[in-house]
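What follows is the residue order along each chain.
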Amino acid sequence: MGLEKLNNLYREVILDHAANPHNKGKLAAATHQIILNNPTCGDVINLQINLDDQERIKEVAFTGEGCTISQASASMMTAAVKGKKKEEALKMAKTFSDMAIGKDHPQADLDALGDAQVLTSIMEFPARIKCATLAWWALQRALLQESDED
Ligand code: ZN
């Protein structure tokens, strides 16, 4: 894609996350886990989450492969949700997916996303929306999975 079309600062943040991903690796044990892929681009995310008994994300890690956007997004997402409560993390995932399809949210919601807010402008690149949202879908699906079983 035209990463070069992105604002320079955004591009730098994305490339930095892709080169030095946060929370990349495997957890010894996870309360929630999911593998999702984006067939249109070949991106794969294997996400593991450990919730403590307060439903707070104590640990989060991912492994995966794919394009720069998908891997940077996973790094940004895990960095943003680590230490957050399950409901907060789900709210962040909603903010991200809404923004990715062009629905606005208040600035405070965007600030809560940390570095991930640079990718919320991805709807300017329709072909890459799935790459950017894959990690957030994985988060949502993984966290909601267990509540379905309760
Ligand atoms: Zn991709």
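Numbers given to residues run from 1 along each chain, matching the order in which its sequence is written. Side-chain atom pairs in this predicted model are given and counted only at pLDDT of 80 or more, local residue features only at pLDDT of at least 70, and totals for whole chains, interfaces and linings cover all residues. Side-chain numbers come from the whole structure's heavy atoms, not from hydrogens or water.

Caption draft 1: Quick look at the pairing of strand 3 (residues 57-65). Here the rule is simple: two strands pair whenever DSSP picks up at least two bridges between them. Note on conventions: DSSP H or I runs of at least 4 residues are helices, E runs of at least 2 residues are strands, and numbering of each starts at the N terminus. Where strand 2 (residues 43-51) lies against strand 3, 8 bridges are found, and the strand directions are antiparallel. For V44, the partnering residue across the bridge sits in strand 3 and is E65. Counted between consecutive antiparallel strands, the loop separating strand 2 from strand 3 contains 5 residues, among which E55 sits at a positive phi close to 60 degrees.

Caption draft 2: Main features of unusual backbone geometry. If you check the backbone angles, N23 has positive phi at about 60 degrees while not being a glycine. With respect to the helices and strands, N23 occurs in the loop between helix 1 (8-19) and strand 1 (32-38). Positive phi outside glycine occurs at E55, with the angle close to 60 degrees. Considering the arrangement of structural elements, one finds E55 in the loop between strand 2 and strand 3. Taking relative accessible area as the criterion, E55 reaches 40% and is therefore assigned partly exposed. Summary of the burial criterion: residues with accessible area below 20% of their type's maximum are buried, those above 50% are exposed, and those between are partly exposed, where the area comes from a 1.4 Å probe applied to protein chains only.

Caption draft 3: Looking closely at the nonpolar core. Buried residues of nine kinds, namely Ala, Val, Leu, Ile, Met, Phe, Trp, Tyr and Cys, make up a nonpolar core once their side-chain atoms join them within 4.5 Å. Core analysis: the largest hydrophobic core is formed by 44 residues, its most contacted members being L47, I49, L119, W136 and L139. If you list the elements that add at least two residues to this core, you get helix 1, strand 1, strand 2, strand 3, helix 2 (68-81), helix 3 (86-100) and helix 5 (129-149). The element contributing the most residues to this core is helix 5, with 10 residues. Residues are treated as being in contact if the distance between any of their heavy atoms lies within 4.5 Å. Excluding residues within four positions of it along the chain, L139 makes contact with L47, I49, I57, M77, V81, A89 and A93.

Caption draft 4: Geometry of the packing of aromatic side chains. Here a pair means two rings of Phe, Tyr or Trp (six-membered ring of Trp) with centres within 6.5 Å. Their orientation is stacked below 30 degrees between planes, edge-to-face above 60, and tilted elsewhere. For the structure shown, the criterion picks out 1 aromatic pair. With centroids separated by 5.2 Å and ring planes inclined at 15 degrees, the aromatic side chains of F96 and W136 adopt a geometry described as stacked. Here F96 is found in helix 3, whereas its partner W136 is found in helix 5, with 40 residues between them in sequence. An identical accessibility class is assigned to F96 and W136; each is buried.

Caption draft 5: Spatial organisation of the pattern of salt bridges. For this document, the term salt bridge refers to a Lys or Arg side-chain nitrogen within 4 Å of an Asp or Glu carboxyl oxygen. Counting across every chain of the model gives 4 salt bridges. Here D98 and K94 are joined by a salt bridge, their closest N and O atoms 2.9 Å apart. Remark: K94 and D98 occur in helix 3; sequence separation between them is 4 residues, near one turn of the helix. Overall, D98 belongs to the buried group, its relative accessible area being 9%. We classify K94 as partly exposed; its relative accessible area is 41%. Taken together, the shared-partner salt bridges in this structure form one network comprising K94, D98 and K103.

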